[in-house]
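# What the coordinates show
The chain contents come next:
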2 protein chains.
Amino acid sequence: MIQSFNSSLLENAVNELSKLPGIGRKTALRLALHILRRDESEATALGESIINMRRNICYCSRCHNISEHEICPICNDSRRDATTVCVVENVKDVITIESTHQHPGLYHVLGGVISPLDGVSPSDLEIESLVKRVSEENLQEVILALSPTIEGDTTNFYIYRKLADLPVRVTMLARGLSIGNELEYTDELTLGKSIQNRVLFSDTFPKK
Amino acid sequence: MIQSFNSSLLENAVNELSKLPGIGRKTALRLALHILRRDESEATALGESIINMRRNICYCSRCHNISEHEICPICNDSRRDATTVCVVENVKDVITIESTHQHPGLYHVLGGVISPLDGVSPSDLEIESLVKRVSEENLQEVILALSPTIEGDTTNFYIYRKLADLPVRVTMLARGLSIGNELEYTDELTLGKSIQNRVLFSDTFPKK
């Protein structure tokens, strides 16, 4: 669908917007026309926030999370437990886990999971730097928090083997029922795991 | 859902992106993280295209379509039929109708349709300027090309009455079967209209 926009400026903005994931040319045009209807200050704020973010955000040299400095605020926070490191696939997973307020330790962002089909091999990920961190920082526990997919589990196994000779406890996220879901709609694999990994009732709901 | 992004720059970009229509905070975060993974030049191109577009696009003083100059390229095109004006709701409809290559004339962008529920009254739209154009420019035909909705038809009627005393032919887009759709799935109202407004077979498919 080739459309004439009668304006190279609009055309240019639509082209750039449609490079974003999940945004086709129709949506890009809708967004551009929306921006045209708003105040100039709003368009400037949007444009500059994008440029400033990309220009000034770098990656933490320790955990590879996004950061505005050499070391990110999480790694720099002395109140956090620096002996426990949670291994995640990407920056978004750090935000997701942080929102649970259940992980008091630090993070290590792999930058992906091993996926031969997508051409991602272990050397493309921050696995060597994790192994180095475990020995150098004297870590007590590594929590593997990758997605429960084939690629995630492959990566879990790879890291587990890499860390096998080091004196560190390697744990992974529990698999089981999703809270709020009906038992009937839980898949057999997950349900089976939740039976194998059953926990003491009194541990989950302690007596008052 | 309050999430800590560990970066005010990321937070700011997510806030700005989530002001766009149809983009919530989750999608905004996904877009921002995508931009972070790309080259800085791409983020700059995106940001600047938005700012430049908003800063430099204005509205044609004649037809109210977007334009980079006082008069838009369509109004300025001497090869177009300046006696026929197609009345559309918004800028997007100009692009849509242009893509059919079936309208050789000019446009008049209303900027919306009459909709008391949304607080849009005739005075909010470019209707007075249309009436003025019809008399001043000696227009031969006004094609009403608004959407076949209650609001669109209300606006059609309103404009039709406003132009009643002027020597101009007022036409509207044909209503009938959508090409490619099964007859069975056409709604009764549209099917009824397509029977009332039936056309000579030989007019639509002329003999060679």
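The following refers to the structure shown. (Residues numbered from 1 in each chain as written. Chains lettered and ligands numbered in written order. Predicted model: local features only at pLDDT ≥ 70, side-chain atom pairs only at ≥ 80, totals over all residues. Heavy atoms only, no water.)

It is worth spelling out the relation of the copies chain B and chain A at this point. Overlaying chain B with chain A gives an RMSD of 0.1 Å, the required rotation being 180 degrees about an axis along which the chain moves by 0.0 Å. What the superposition gives is, in effect, a two-fold axis relating one chain to the other. Minimal C-alpha distance to the rotation axis in chain B is attained by Gly-47 of chain B, lying at 1.9 Å. When the interface residues of chain B are mapped onto chain A, 100% of them are again interface residues, pointing to one common binding face. (Least-squares fit on C-alpha atoms with pLDDT ≥ 70 in both. Contact = heavy atoms within 4.5 Å.)

Over its 13 residues, helix H2 (residues 25-37) of chain A extends 18 Å from the first C-alpha to the last, a length consistent with the 18 Å expected when each residue adds 1.5 Å. Buried within H2 of chain A are the following residues: Ala-28, Leu-29, Leu-31, Ala-32, Leu-33, His-34, Ile-35 and Leu-36 of chain A. If you follow the buried residues of H2 of chain A, they end up packed against helix H1 (8-17) and helix H3 (40-56) of chain A together with helix H3 (40-56), strand E1 (58-59), strand E2 (66-67) and helix H5 (91-98) of chain B. (Helix = DSSP H or I, 4+ residues; strand = E, 2+ residues; numbered from the N terminus. Expected span 1.5 Å × (residues − 1). Buried < 20%, exposed > 50% of the residue type's maximum accessible area, 1.4 Å probe, protein only.)

All names here are of chain A. Across the sheet, 4 strands lie side by side as E4-E3-E5-E6; this open sheet has parallel pairing. Since the sheet does not close on itself, it has two edges, and those belong to strand E4 (105-109) and strand E6 (169-172), each with one partner. Sheet twist, expressed as the average angle between the axes of neighbouring strands with direction ignored, equals 25 degrees. As paired strands, strand E3 (residues 81-88) and strand E5 (residues 141-144) are joined by 4 bridges and run parallel to one another. Bridge assignment links Val-85 to a residue of E5, and that residue is Val-142. Across the sheet, helix H5 (residues 91-98) lies against E3 and E4, angled at about 160 degrees from E4, the strand it touches most. (Pairing = 2+ DSSP bridges. Axes fitted to C-alpha atoms, helices over the stretch in contact; angles between N-to-C directions.)

Residue and element names in this part refer to chain B. The 4 strands are arranged E4-E3-E5-E6 in an open sheet whose pairing can be described as parallel. Every interior strand has two partners, whereas the edge strands, strand E4 (105-109) and strand E6 (169-172), have only one. Across the sheet, the mean angle from the axis of one strand to that of its neighbour is 25 degrees, orientation sign disregarded. Examined bridge by bridge, strand E5 (residues 141-144) and E6 share 4 bridges and lie parallel to one another.

It is worth spelling out the interface of chain B and chain A at this point. The interface of chain B with chain A comprises 53 residues on the first partner and 53 residues on the second. Three residues stand out in chain B for area buried against chain A, namely Leu-36, Met-53 and Arg-54 of chain B, and they jointly supply 13% of the buried area on that side. Counting every contact that joins chain B to chain A gives 2 salt bridges. For the salt bridge of Glu-40 of chain B with Arg-55 of chain A, the shortest nitrogen-to-oxygen distance reads 3.1 Å. Joining chain B to chain A, the criterion identifies 12 residue pairs in polar contact (both at pLDDT 80 or more). Going through the elements one at a time, helix H1 (8-17), helix H2 (25-37), H3, helix H4 (73-76) and H5 of chain B are the ones with two or more residues in the side of chain B that touches chain A. (Buried area = accessible area lost by both parts, 1.4 Å probe. Salt bridge = Lys/Arg side-chain N within 4 Å of Asp/Glu carboxyl O. Polar contact = N/O pair within 3.5 Å; in protein donor to acceptor, adjacent residues only side chain to side chain.)

All names here are of chain A. Counted as a void, the largest pocket has a volume near 1500 Å³. Mapped onto the lining of the largest pocket, the elements with two or more residues apiece are H5, E5, helix H7 (150-162), E6, helix H8 (188-196) and helix H9 (201-204). When residues of the lining of the largest pocket are assigned to their parent elements, the largest contribution, 6 residues, is made by H8. Here the lining of the largest pocket is built from residues that sort into 16 nonpolar, 14 polar and 7 charged. The calculated volume of the second largest pocket comes to roughly 850 Å³. (1 Å grid on protein atoms, 1.4 Å probe; cavity = no way out; pocket = protein on both sides within 12 Å on 5 of 7 lines; lining within 4 Å. Points joined across faces, edges and corners; volume = space filled by probe spheres on them. Nonpolar A, V, L, I, M, F, W, Y, C, P; charged D, E, K, R; others polar.)

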